[in-house]
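Coordinates in review
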Amino acid sequence: QVQLVESGGGLVQAGGSLRLSCEASGSIFSINSIGWHRQAPGKQREWVARITTDGSTNYADSVKGRFTLSRDNAKNTVYLQMNSLKPEDTGVYYCGAARVVGPDAWGQGTLVTVSS
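Let me begin by describing the structure that accompanies this report. (Residues numbered from 1 in each chain as written. Predicted model: local features only at pLDDT ≥ 70, side-chain atom pairs only at ≥ 80, totals over all residues. Heavy atoms only, no water.)

1. Quick look at the nonpolar core
What counts, and what does not: Buried Ala, Val, Leu, Ile, Met, Phe, Trp, Tyr and Cys residues that are joined via side-chain atoms within 4.5 Å together make up what is termed a nonpolar core. Exposure is judged per residue with a 1.4 Å probe applied to protein chains only, and the accessible area is read against the type maximum: over 50% gives exposed, under 20% gives buried, and values in between give partly exposed. Strands here are runs of E lasting at least two residues and helices are runs of H or I lasting at least four, both read from the DSSP assignment and numbered beginning at the N terminus. Note on contacts: a residue pair is in contact if any heavy atoms of the two residues lie within 4.5 Å.
Formed by 28 residues in total, the largest nonpolar core has its most connected members in Leu4, Ile34, Trp36, Leu80, Met82 and Tyr93. Those elements that provide at least two residues to this core are strand S1 (2-7), strand S3 (18-26), strand S4 (31-39), strand S5 (46-52), strand S7 (67-72), strand S8 (77-82), strand S9 (91-99) and strand S11 (110-115). By residue number, the principal contributor to this core is S3, which donates four residues. Every residue in contact with Leu80, bar those within four places of it in the chain, is listed here: Leu18, Arg19, Leu20, Trp36, Val48, Ala49, Phe67, Thr68, Leu69 and Tyr93.

Next comes the structure, spelled out in structure tokens:
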């Protein structure tokens, strides 16, 4: 089993920044990649970014150049630095772990609200 806990959400004005954290515990060795997804009110969940175990990163076009992934292996934590935030970035942000073996894991989500 893998457990994920997100933190760092909050209310920020447009143009501001937030840093989200996703701390993993449990069978961490089984994790292939960790991704961030978000769900805006009334919309489907969408993929935002992903970091693999070898450090490769990918970003959705909508956040490229504004969001940056990093990780601290000693803390089993992945960070999503979000800069130049826009109102359309508002939503619940979830981190998810894709595993080599076993079911994917999801955190409980953290709310990001960007005011205009």
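2. Considerations on the pattern of salt bridges
Selection criterion: Salt bridge, as applied in this entry: a Lys or Arg side-chain nitrogen positioned within 4 Å of an Asp or Glu carboxyl oxygen.
Tallied over the entire structure, the rule returns four salt bridges. Put simply, Asp61 and Lys64 hold a salt bridge, and the shortest N to O gap is 3.2 Å. Lys64 carries the same exposure label as Asp61, and that label is exposed. Of the charged contacts, one joins Asp89 and Arg66 as a salt bridge, the two residues approaching to 2.7 Å between their closest N and O atoms. Taken together, the residues Asp89 in the loop between S8 and S9 and Arg66 in the loop between strand S6 (57-59) and S7 connect sequence positions 23 residues apart. Of the two residues examined, Asp89 and Arg66, each falls in the buried class.

3. A few points about unusual backbone geometry
With a phi angle near 50 degrees, Asn76 is a residue other than glycine that sits in the positive phi range. Structurally, Asn76 can be placed in the loop between S7 and S8. Here Asn76 falls in the partly exposed class, since its relative accessible area comes to 33%. Of note in the backbone geometry, Ser84 takes a positive phi value of approximately 50 degrees without being a glycine. For Ser84, the location among the structural elements is in the loop between S8 and S9.

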